[in-house]
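Coordinate analysis (summary)
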Amino acid sequence: MKLKKINEKLQEALIENGLTEANAMQQETFSTLKSGADCIIVAPKGSGKTTTIVLNVIQQLAGGTEESPRALIIVEDKTKVLEMLGLFEKFGKHTNLEVYGVHDRGDMEYDKNYISTGIDVLIGTPNKLSDMFTTAGYNVNRLKMFVLDDADPILKLRHETKIMRISNSIARTQRIIFTEQLTERIEILADKMLVEPYLFEIDEDGDDEDGDDEDGDDEDGDDEDGDDEDGDDEDGDDEDDDEDGDDEEYEDEGEEE
């Protein structure tokens, strides 16, 4: 399965970095994430969760601009903030996306002033994002993507209330949870936060064990509208459909920025 109609600028950066084929997680999840559906993605360490987040955010946001963040990404700690910033710099360098990271050791006033100048993607730790949100440090009204990475360790530190406070303030957005293990605590959070999510469980060999809607009502991972697990319309009406579907390479959509 190819990554259908990938953004031209993202494709250029992928080629420059020697990434010409999608890994197992990207093949399984790309189209569904691109469709805007809520998702839970369970995959082991080293399977490329962080890279998958970065590629999908760039894919969805490149080419547009807003004064307020369009993607909000919660990560475990400062190290993960810096790691993700590095990946955005690598794969988003041909786009006009403005990406900014905040963490517990950063200066609050500096961060708020920088964000007020206009950014597209905000990455941060639960404590810092919660504190900034409480003091009107950023606007969530333009969010298109709300992503929780490292969900298991974050919830072990009992940050559920902070995460839900932010999530409940967002009228409508795509919500995605990435985790190494699907624990009861994560399932409870997902029930509160996600709407009819798709569940992907990628095993050690990179195979998708489920790819089903979390409620288990559809064995093929289809939602109520008859969409398949890649988020494409059964009748081929989705403008992102590609009848070929067998090539595992990144496919360039050729769209202008």
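Below: a short report on this structure.

Regarding helix α9 (residues 184-193)
Buried within α9 are the following residues: Ile186, Leu189, Ala190 and Met193. Buried residues of α9, seen end-on, are gathered within an arc of 100° and therefore sit on one face of the element. Opposite its buried face, α9 presents the exposed residues Glu184, Asp191 and Lys192, each directed more than 90 degrees away. For α9, the elements touching its buried residues are β2 (39-42), β6 (145-148), α7 (151-156), α8 (160-167) and β7 (174-179).

Notes on the packing of helix α6 (residues 126-134) against α8
Two numbers describe how α6 lies on α8: the axes approach to 10 Å, and their chain directions differ by 45°. With respect to α8, the element α6 is oriented oblique. Judged by the sense of rotation from one axis to the other, the crossing of α6 with α8 is left-handed. Taking contact as the criterion, the partners of Pro126, Asn127, Leu129, Ser130, Phe133 and Thr134 in α6 are, on α8, Lys162, Arg165 and Ile166. For the contact of α6 with α8, the residue count by class is four nonpolar, three polar and two charged.

A closer look at the packing of aromatic side chains
Enumeration over the complete set of coordinates arrives at three aromatic pairs. With 6.4 Å between their ring centres and 35° between their planes, Tyr110 and Tyr114 make a pair best called tilted. On the criterion of helical spacing, the pair formed by Tyr110 and Tyr114 is a turn pair, its members being four residues apart in helix α5 (residues 108-116). Take Tyr114: its relative accessible area is 28%, and that puts it in the partly exposed class.

Some remarks on the packing of helix α2 (residues 24-34) against helix α3 (residues 49-61)
Packing of α2 against α3 brings their axes to within 11 Å, and their N-to-C directions diverge by 35°. In terms of crossing hand, the pair formed by α2 and α3 is right-handed. For the pair α2 and α3, contact is made by Met25, Gln26, Thr29, Phe30, Leu33 and Lys34 and by Lys49, Thr51, Thr52, Leu55, Asn56, Gln59 and Gln60, respectively. Tallied by class, residues from the contact of α2 with α3 come to four nonpolar, seven polar and two charged.

The rules we used
- Residues numbered from 1 in each chain as written.
- Predicted model: local features only at pLDDT ≥ 70, side-chain atom pairs only at ≥ 80, totals over all residues.
- Heavy atoms only, no water.
- Buried < 20%, exposed > 50% of the residue type's maximum accessible area, 1.4 Å probe, protein only.
- Helix = DSSP H or I, 4+ residues; strand = E, 2+ residues; numbered from the N terminus.
- Arc of directions from axis to C-beta.
- Contact = heavy atoms within 4.5 Å.
- Axes fitted to C-alpha atoms, helices over the stretch in contact; angles between N-to-C directions.
- Parallel < 35°, antiparallel > 145°, perpendicular 65-115°, else oblique.
- Left-handed = near helix turned anticlockwise from the far one by under 90°.
- Nonpolar A, V, L, I, M, F, W, Y, C, P; charged D, E, K, R; others polar.
- Phe/Tyr/Trp six-rings, centres within 6.5 Å; stacked < 30°, edge-to-face > 60°.

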